[in-house]
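One letter stands for each residue in the lines below.
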Amino acid sequence: MRSFCLTLLLIAIYPFAGAQTLYKTVGADGKVVYSDRPPAEGNAQALQQEQLPISIVPGMPPAPAGKATAKKAVVQHGQAVLYMAQWCGYCRLARAYLAKNQIAYREIDIDTPDGKAAFAEIGGRGVPVLLADGQRLAGFRESSYDALFAKRKAAAGKK
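Rules behind the numbers
- Residues numbered from 1 in each chain as written.
- Predicted model: local features only at pLDDT ≥ 70, side-chain atom pairs only at ≥ 80, totals over all residues.
- Heavy atoms only, no water.
- pLDDT = per-residue confidence, 0-100.
- Contact = heavy atoms within 4.5 Å.
- Pairing = 2+ DSSP bridges.
- Helix = DSSP H or I, 4+ residues; strand = E, 2+ residues; numbered from the N terminus.
- Axes fitted to C-alpha atoms, helices over the stretch in contact; angles between N-to-C directions.
- Salt bridge = Lys/Arg side-chain N within 4 Å of Asp/Glu carboxyl O.
- Buried < 20%, exposed > 50% of the residue type's maximum accessible area, 1.4 Å probe, protein only.
- Phe/Tyr/Trp six-rings, centres within 6.5 Å; stacked < 30°, edge-to-face > 60°.
- Core = buried A, V, L, I, M, F, W, Y, C linked by side-chain atoms within 4.5 Å.

A. How the structure looks around the confidence of the model for the protein chain. Summary statistics for the protein chain give a mean pLDDT of 73 and a share of 53% for residues scoring 70 or more. Across residues 13-20 the pLDDT falls below 50, and counting only partners more than four positions away or on other chains, this stretch makes ten contacts in the model. Below pLDDT 50 for its whole length, residues 65-72 participates in seven contacts with residues either more than four positions away or in separate chains.

B. Structural view of the sheet that holds strand β5 (residues 80-84). The strand order β6-β5-β8-β9 describes an open sheet built from four strands, whose pairing is mixed. Since the sheet does not close on itself, it has two edges, and those belong to β6 (106-109) and β9 (135-138), each with one partner. Along the sheet, successive strands turn relative to each other by an average axial angle of 15°, direction set aside. Both strand β8 (residues 129-132) and β9 contribute to a ladder of four bridges, which runs antiparallel. Pairing of L131 across the sheet is with R136, part of β9. Along the sheet, helix α2 (residues 89-100) contacts β5, β6 and β8; its crossing angle with β5, the most-contacted strand, is approximately 155°. Running at roughly 100° to β6, helix α3 (residues 113-121) makes contact with β5, β6 and β8 of the sheet.

C. Seen up close, the pattern of salt bridges. Scanning all chains against the criterion turns up two salt bridges. Where E107 meets R95, a salt bridge forms, and the shortest distance between an N and an O atom there is 2.9 Å. With E107 in strand β6 and R95 in helix α2, the pair connects residues that are twelve residues apart, well separated along the chain. On the basis of relative accessible area, E107 is assigned to the partly exposed category, the value being 32%. By relative accessible area, R95 is classed as partly exposed at 27%.

D. Focus on the packing of aromatic side chains. In this structure the tally under the stated criterion is six aromatic pairs. Geometrically, the ring pair formed by Y97 and Y145 is edge-to-face, given 5.4 Å between the ring centres and 85° between the ring planes. Remark: Y145 occurs in helix α4 (residues 142-158) and Y97 occurs in helix α2; sequence separation between them is 48 residues. Across the pair, exposure class does not vary: Y97 and Y145 are buried alike.

E. Up close: the nonpolar core. With 29 residues, the main nonpolar core has Y83, F119, V127, L130, Y145 and F149 as its most contacted residues. Those elements giving two or more residues to this core turn out to be β5, α2, α3, β8 and α4. It is β5 that provides the largest number of residues to this core, a total of five residues. Excluding anything up to four places from it in sequence, F149 contacts Y97, L98, I103, L130, A132 and D133.

F. Fine view of the pairing of β5. Within β5, five of the five residues are buried, which leaves the element mostly enclosed by the surrounding structure. Burial along β5 is two-sided: A80, L82 and M84 and V81 and Y83, pointing in opposite directions, are all buried. Of the pairings in the sheet, the one linking β5 to β8 comprises four bridges and is antiparallel in character. Bridge pairing in β8 places L82 opposite L130. As judged from the four bridges shared by β5 and β6, these two strands associate in the parallel manner. If you follow V81 over to β6, its bridge partner there is R106.

Below, the structure written as structure tokens:
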């Protein structure tokens with residue numbers, strides 16, 4: 001019974017165990033500031049790649065050891081592409097976030113033949129994968145999507 005409860009506890013905390021992105025900025029006065037939120041100006045250095053919760057796609061090869069060998073997907077500036085599957089709960093959350101924030105995106109269903117081929121080209125292993133503004137987010141966490149689209153919101157506010 002004790003091992004069963006421990007297993008349930010580990011499963012419950014797993015989504016929160018991923019590493020967060022840490023940003024390093026240097027102010028005009030020369031002070032170095034570390035934060036888990038990117039600054040509005042966008043002049044921060046991301047120190048650690050964030051690991052978001054994903055749904056592993058059955059039948060996909062394991063992630064390559066060391067450096068990724070997948071081709072970099074070409075996404076035009078201002079365009080967002082979401083690789084997703086209908087059965088994926090994180091994909092539903094990502095789609096709801098994009099809809100709520102009125103962010104236009106192109107959706108690629110990885111369960112179609114063309115979608116599966118495109119997903120393999122970018123080296124996808126789990127869904128959702130969002131390509132936007134020159135960045136790639138594998139998985140979904142609202143705070144990570146907020147950080148990714150913060151520059152876009154700031155630019156829209158200046159217009």
